[in-house]
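Observations on chain architecture
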Amino acid sequence: MPLIRIFSRDNGAGLSHDLRLLQDTLSRAGYEVDVVAFGGGKGINHLRETSLRLQWRWRGRADVQVFIERVYPRLLAIGSRNLLIPNPEWFHQDWVRHLPLFDRVLCKTAHAQPIFEQLGCRTTYIGF
């Protein structure tokens, strides 16, 4: 069964809701889903990233990784395929250089699709 790993910030609001919705939908579809919800300080998050990278050494890569809103560059290598569900208004300019490492950008709105296509991304409108 394919492993899908979902990364997001757990903010107790919209991102947390999106994370749980995606997790529930994929689980009901029969996928094995691993959720990584970041919160707290940068030091704790850095330790979690390091732990995930070490786990990859013996567990192997996730079949698909989905990044909700944020790009965690250090984690891109631990997935066979990487997908991004961005919120354009929160997308940092520093992340643009990592866009070629994503297999596809899944756009929640019709507004987001041309923005990411102009950045050279393969996009799909999902109407989240």
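The structure this text deals with has already been given above.
No experiment lies behind these values; they were computed from the predicted model shown.

Of note, Ser16 is situated in helix α1 (residues 14–28). Residues contacting Ser16, with those up to four places away along its chain left out, are Arg9, Asp10 and Asn11.

So, about the packing of aromatic side chains. In total, this model carries six aromatic pairs according to the counting rule given. Aromatic side chains Phe7 and Tyr72 sit 6.4 Å apart centroid to centroid with 50° between the ring planes, which places their arrangement in the tilted category. Placement of the pair is Phe7 in strand β1 (residues 3–9) and Tyr72 in the loop between β3 (64–68) and β4 (82–85), with a sequence separation of 65 residues. For the pair formed by Phe7 and Tyr72, the shared burial category is buried. Where Phe67 meets Phe102, the ring centres are 5.4 Å apart and the plane angle is 90°; that geometry is what we call edge-to-face. Here Phe67, found in strand β3, pairs with Phe102, found in the loop between β4 and β5 (104–107); they are 35 residues apart in sequence, far enough to count as distant. Among the aromatic side chains, those forming a connected cluster through ring pairs are Phe7, Phe67, Tyr72 and Phe102.

With parallel pairing, the six strands of this open sheet are ordered in space as β2-β1-β3-β4-β5-β6. Looking at strand neighbours, the two that pair on one side only are β2 (32–38) and β6 (123–125), the edges of this open sheet. Strand-to-strand twist of the sheet, defined as the mean angle between neighbouring strand axes without regard to direction, takes the value 20°. In this sheet, β6 lies alongside β5 in parallel orientation, the contact comprising three bridges.

Our focus in this paragraph is α1. Look at α1: 21 Å from first C-alpha to last across 15 residues, which is about the 21 Å you get at 1.5 Å a residue. Listing the buried residues of α1 in full gives Leu15, Ser16, Asp18, Leu19, Leu22 and Leu26. Take α1 and look down its axis: the buried residues cluster within an arc of 160°, on one side only. What points out from α1, more than 90 degrees from its buried face, is the exposed set His17 and Arg28. Those residues of α1 hidden inside the fold are in contact with β1, β2, β3 and β4. Just past α1, the residue Gly30 takes up positive phi, approximately 100°.

Rules of the game
- Residues numbered from 1 in each chain as written.
- Predicted model: local features only at pLDDT ≥ 70, side-chain atom pairs only at ≥ 80, totals over all residues.
- Heavy atoms only, no water.
- Helix = DSSP H or I, 4+ residues; strand = E, 2+ residues; numbered from the N terminus.
- Contact = heavy atoms within 4.5 Å.
- Phe/Tyr/Trp six-rings, centres within 6.5 Å; stacked < 30°, edge-to-face > 60°.
- Buried < 20%, exposed > 50% of the residue type's maximum accessible area, 1.4 Å probe, protein only.
- Pairing = 2+ DSSP bridges.
- Axes fitted to C-alpha atoms, helices over the stretch in contact; angles between N-to-C directions.
- Expected span 1.5 Å × (residues − 1).
- Arc of directions from axis to C-beta.

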